[in-house]
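Letter by letter, the chains look like this.
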Amino acid sequence: MKKVFLGILLIALSFGTMSLTTSSENVTKASIEATNVVVGPTYTAPWLGICCESPLTAAERDIVKRGYPATTQYTINSTTSNTVTYTIF
């Protein structure tokens, strides 16, 4: 019985090691691909900063106002009490 248990344990550990090796290779590939991101212009949009309005709303409204499509991807860099600074990529 002990031999069977040890055999099953050995097989389970070997599968865990194989999956760990595979995922680390995928992480390396993903990080290499992520370095090819092109960063676009940085804009500052007016933001009311009231309790119910999100800075995301102000940035998205400014993106549409500048003529970009609504599906444009961006990152918010900073916010103040009345402005939102974001970068398009």
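What you see is a predicted model, and the numbers here were worked out from it, not measured in a lab.

Rules used throughout
Residues numbered from 1 in each chain as written. Predicted model: local features only at pLDDT ≥ 70, side-chain atom pairs only at ≥ 80, totals over all residues. Heavy atoms only, no water. Phe/Tyr/Trp six-rings, centres within 6.5 Å; stacked < 30°, edge-to-face > 60°. Helix = DSSP H or I, 4+ residues; strand = E, 2+ residues; numbered from the N terminus. Buried < 20%, exposed > 50% of the residue type's maximum accessible area, 1.4 Å probe, protein only. Salt bridge = Lys/Arg side-chain N within 4 Å of Asp/Glu carboxyl O. Core = buried A, V, L, I, M, F, W, Y, C linked by side-chain atoms within 4.5 Å. Contact = heavy atoms within 4.5 Å. Pairing = 2+ DSSP bridges.

A. A look at the packing of aromatic side chains. This structure, assessed with the given rule, holds three aromatic pairs. When the centroid spacing of 5.9 Å and the interplanar angle of 70 degrees are considered together, the rings of Y74 and Y86 count as edge-to-face. Residue Y74 is located in strand β2 (residues 74-79), and its partner Y86 is located in strand β3 (residues 83-88); the two are separated by 12 residues in the primary sequence. The class of Y86 is buried, set by a relative accessible area of 0%.

B. Layout of the pattern of salt bridges. Applying the stated criterion to the full structure yields two salt bridges. Between R61 and E53 there is a salt bridge, with its nearest N and O atoms 2.6 Å apart. In this structure, R66 and D62 form a salt bridge, with 2.7 Å as the shortest nitrogen-oxygen distance. Look at R66 and you get partly exposed, because its relative accessible area is 38%.

C. A look at the nonpolar core. The biggest cluster of nonpolar side chains holds 10 residues, and these are Y43, A45, W47, A58, A59, I63, Y74, V84, Y86 and I88. For this core, the secondary-structure elements that each account for two or more residues are β1 (42-46), α2 (55-65) and β3. Every residue in contact with V84, bar those within four places of it in the chain, is listed here: Y43, T44, A45, W47, P55, A58, A59, I76, S78 and T79.

D. A look at the pairing of β1. Burial along β1 is one-sided: Y43 and A45 are buried, while T42, T44 and P46, pointing the other way, are not. Across five bridges, the pairing between β1 and β3 is antiparallel. Bridge pairing in β3 places T42 opposite T87.

E. Geometry of the side chain of D62. Its location among the elements puts D62 in helix α2. Looking at D62, the relative accessible area reads 6%, which means it is buried. Apart from residues no more than four positions distant in its own chain, D62 is found in contact with Y43, A45 and Y86.

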